[in-house]
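A closer look at the structure
Here is what each chain is made of, one letter per residue.
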Amino acid sequence: MAARKEEPPQATVRPQEYAAGTGWEIGQTAPEDAYRALGGDGHAAPVGPVLATHPGGHARLIVVKGAVVTEGARRELDAAEQDGEG
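Rules behind the numbers
- Residues numbered from 1 in each chain as written.
- Predicted model: local features only at pLDDT ≥ 70, side-chain atom pairs only at ≥ 80, totals over all residues.
- Heavy atoms only, no water.
- Buried < 20%, exposed > 50% of the residue type's maximum accessible area, 1.4 Å probe, protein only.
- Helix = DSSP H or I, 4+ residues; strand = E, 2+ residues; numbered from the N terminus.
- Pairing = 2+ DSSP bridges.
- Polar contact = N/O pair within 3.5 Å; in protein donor to acceptor, adjacent residues only side chain to side chain.
- Core = buried A, V, L, I, M, F, W, Y, C linked by side-chain atoms within 4.5 Å.
- Contact = heavy atoms within 4.5 Å.
- Axes fitted to C-alpha atoms, helices over the stretch in contact; angles between N-to-C directions.

Bringing the pairing of strand β1 (residues 34–39) into the picture now. With 6 of its 6 residues buried, β1 lies for the most part within the structure. Direction of pairing for β1 relative to strand β3 (residues 59–63): antiparallel, over a ladder of 4 bridges. Its bridge partner being in β3, arginine 36 is matched across the sheet by arginine 60. Two strands pair when backbone bridges link them, and β1 and strand β2 (residues 45–51) are joined in this way by 5 bridges, in the antiparallel orientation. Bridging from a neighbouring strand, alanine 37 pairs with valine 47 of β2.

So, on to the side chain of arginine 36. Looking at where arginine 36 falls in the secondary structure, it is placed in strand β1. Separated by 2.7 Å, the side chain of arginine 36 and the backbone oxygen of glycine 48 make a polar contact. Polar contacts involving the side chain of arginine 36 include one to the side chain of aspartate 83, which spans 2.8 Å.

A few words on the nonpolar core. In this structure, Ala30, Ala34, Ile62, Val63, Val69, Ala73 and Leu77 together form the largest nonpolar core, which totals 7 residues. Once you skip the residues sitting within four places of it in the chain, alanine 34 turns out to touch Trp24, Val50, Leu51, Arg60, Leu61, Ile62, Val63 and Leu77.

This brings us to the sheet that holds β2. Strand order in this open sheet of 3 strands is β2-β1-β3, and the pairing throughout is antiparallel. Looking at the sheet topology across the chains shown, the edges are occupied by β2 and β3. Between one strand and the next, the sheet's axes are offset by a mean angle of 30°, whatever the strand orientation. Contacts between helix α1 (residues 71–82) and the sheet are confined to β1, β2 and β3, with β3 contributing the most and set at about 120° to the helix.

Turning to the environment of glycine 66, a few remarks are in order. On the secondary structure map, glycine 66 appears in the loop between β3 and α1. With a relative accessible area of 48%, glycine 66 lands in the partly exposed category. Separated by 43 residues in sequence, glycine 66 and glycine 23 have C-alpha atoms that sit 9.8 Å apart. Those residues within four positions of glycine 66 in sequence are excluded, and the remaining contacts are Thr29 and Ala30.

Below you can see the structure in the form of structure tokens.
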């Protein structure tokens, strides 16, 4: 039986070393801030479109530029679109 030659291990690429890209999908890096104004009784209900700058008054910061878009942030962005204002 011939001696088995040991090969050096293959290089391992770890996905966390690379950015997922810029965009608004889950796991991507947000290209800008995303705010939505709060209105209604007690200023609790989000109203109006998603904006890249603080709209003044009461507002909810959905995601910060450069942060990873989470499932919760994507849900809020989708909700704004479904309201016809995103």
